[in-house]
Amino acid sequence: MSRHSWTNIPFKAGSPFRQDLPHYNIKMRKNVLIEWGTVIILVILSSSPISAEARVNPAPLQSKAEELVQAVNALRVTHGLPPYTENPVLMGIAQTQGEYCVSIGTISHTGPGGTRPFERALAAGYPVAGDLSLGGFFSENLSAGVGQTAEEAVQIWMGDSAHVNTMLSSTLRDVGAGVGENGNTYYYVLDAGLSTGGTPIAYTPRPGLFPTPTIIPNTPNPDGSIIHIVQPGDTLGSISLAYGVSLSDLLKLNNFTLKTVIYVNQKIIVRSAYTPTPTQPTGTPTLRPTITEWSTPSPTEAGTVIPPTRTPAPLLPIASAKGTLSIIVAVAIVIAGGVTVLGARRKRK
């Protein structure tokens, strides 16, 4: 019989052990999964609340001026027409007109001072071709709307023959676009024209056009800089005229381009701070000493030549003479002694 014996202990009622343990584990897993799933859903809902208004009216994305040009050129290609050439002057006047529409709160082909589109182009240096009494070969489209995009502006223009002619003209060649913004309302301007291909033609504006801007220039700051605060109706062109600075210098100072949109209360640098040039110190000149002229010796008359007197050699001091004499005597005695010794040796031989 084995020294060790095993005893089988059966499960009893009230025992701490569960006979239905596998079933119990599966049920617990289901409960845990349900609880964690509920927690995750609540966290997601609480961290990203989405209102009904946001789902119905999402924030619009503002289109850029280049996107408007691209949309129009894509339309021209589908109609077998060559794309327009983007012109920097037309881009500038279109952007300025877009900002002007923002300032007056509505779209208008009339610009500051009652200017018409072709007149603004001529004033900016674009040589509009054609009969200027009829407006020349130049056309402008305008559109505005809350949350409106460039593509939507093009679709709206397709519903009117005059606007379609601006986009699908077979005569016009150059294009410019501008976008103004006021909150969620966007103002789109499209200018298309044909130039003479040369220098700007002679043009005399109508009386009352391009009036002197009413901007009151700010006084310089202590450091010499001038900062302009943009007011409603201000444009980069009117600011440059008011302060008497070139538009190109104004753009460079602020890192702007002709396509830059300015806003009310925005600070525009008209003149940068003055950096004084260090003054070189003035040195005190060193006076040169006055040269003293050497006197010219007077010639000596020739006379009897007197031989120079010989200067006697200086005598040795007495003490030095005695020492020298003693040395001479000693040397003589040594020599005499040597001679005597040599003589005695010879006699012995």
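This report concerns the structure included in the present document. (Residues numbered from 1 in each chain as written. Predicted model: local features only at pLDDT ≥ 70, side-chain atom pairs only at ≥ 80, totals over all residues. Heavy atoms only, no water.)

Next up on the list: the packing of helix α3 (residues 65-78) against helix α6 (residues 150-157). When two helices pack together, their arrangement is given by the angle between their axes and by how far apart the axes lie. Where α3 meets α6, the closest approach of the two axes is 9 Å, and the angle between their N-to-C directions is 45°. Comparing the axis directions of α3 and α6 gives the class oblique. Helix-helix and strand crossings are classified by hand; for α3 and α6 the assignment is right-handed. Along the contact surface, α3 presents Glu-67, Leu-68, Ala-71, Val-72 and Leu-75, while α6 presents Ala-150, Glu-151, Val-154 and Trp-157. Looking at the contact of α3 with α6 residue by residue, the classes come out as seven nonpolar, no polar and two charged. (Axes fitted to C-alpha atoms, helices over the stretch in contact; angles between N-to-C directions. Helix = DSSP H or I, 4+ residues; strand = E, 2+ residues; numbered from the N terminus. Parallel < 35°, antiparallel > 145°, perpendicular 65-115°, else oblique. Left-handed = near helix turned anticlockwise from the far one by under 90°. Contact = heavy atoms within 4.5 Å. Nonpolar A, V, L, I, M, F, W, Y, C, P; charged D, E, K, R; others polar.)

Turning our attention to unusual backbone geometry. Positioned with a positive phi, Asn-255 is a non-glycine residue whose angle comes to about 55°. The exposure class assigned to Asn-255 is exposed, which follows from its relative accessible area of 72%. (Buried < 20%, exposed > 50% of the residue type's maximum accessible area, 1.4 Å probe, protein only.)

Let us now look at the side chain of Asp-191. Its location among the elements puts Asp-191 in strand β4 (residues 185-193). With sequence-adjacent residues up to four places away left out, Asp-191 is seen in contact with Leu-90, Ile-93, Ala-94, Phe-138, Ser-139, Glu-140, Asp-174, Val-175 and Gly-176.

A separate point is the pattern of salt bridges. If you walk through the whole model with that rule in mind, you get two salt bridges. The partner of Arg-116 in a salt bridge is Glu-119, and the shortest N-O contact between them spans 3.4 Å. (Salt bridge = Lys/Arg side-chain N within 4 Å of Asp/Glu carboxyl O.)

Let's shift gears to the sheet that holds strand β3 (residues 174-182). Read across the open sheet, the four strands follow the order β1-β3-β4-β2; overall the sheet is mixed. Each edge of the open sheet carries a strand with a single partner, namely β1 (85-86) and β2 (138-146). Relative to β4, β2 runs antiparallel, the two being bridged by nine bridges. Note that in β4 the partner of Ser-143 across the bridge is Tyr-188. Its contacts with the sheet place helix α4 (residues 88-104) against β1, β2, β3 and β4, and it is angled at close to 25° to β3. (Pairing = 2+ DSSP bridges.)

Taken across its nine residues, β3 has seven buried, putting it largely inside the fold. Relative to β3, β1 runs parallel, the two being bridged by two bridges. In the strand pairing of β3, Thr-85 is matched with Asp-174. The loop that links β3 with its antiparallel partner β4 comprises two residues; one of these, Gly-183, has a positive phi angle of about 70°.

The subject of this paragraph is the environment of Pro-117. Of note, Pro-117 is situated in helix α5 (residues 117-124). Sequence separation between Pro-117 and Ile-93 is 24 residues; the distance between their C-alpha atoms is 8.6 Å. Beyond its immediate stretch of four places on either side in the chain, Pro-117 contacts His-109, Phe-138 and Glu-140.

In short, shape yes, function no, at least from these values alone.
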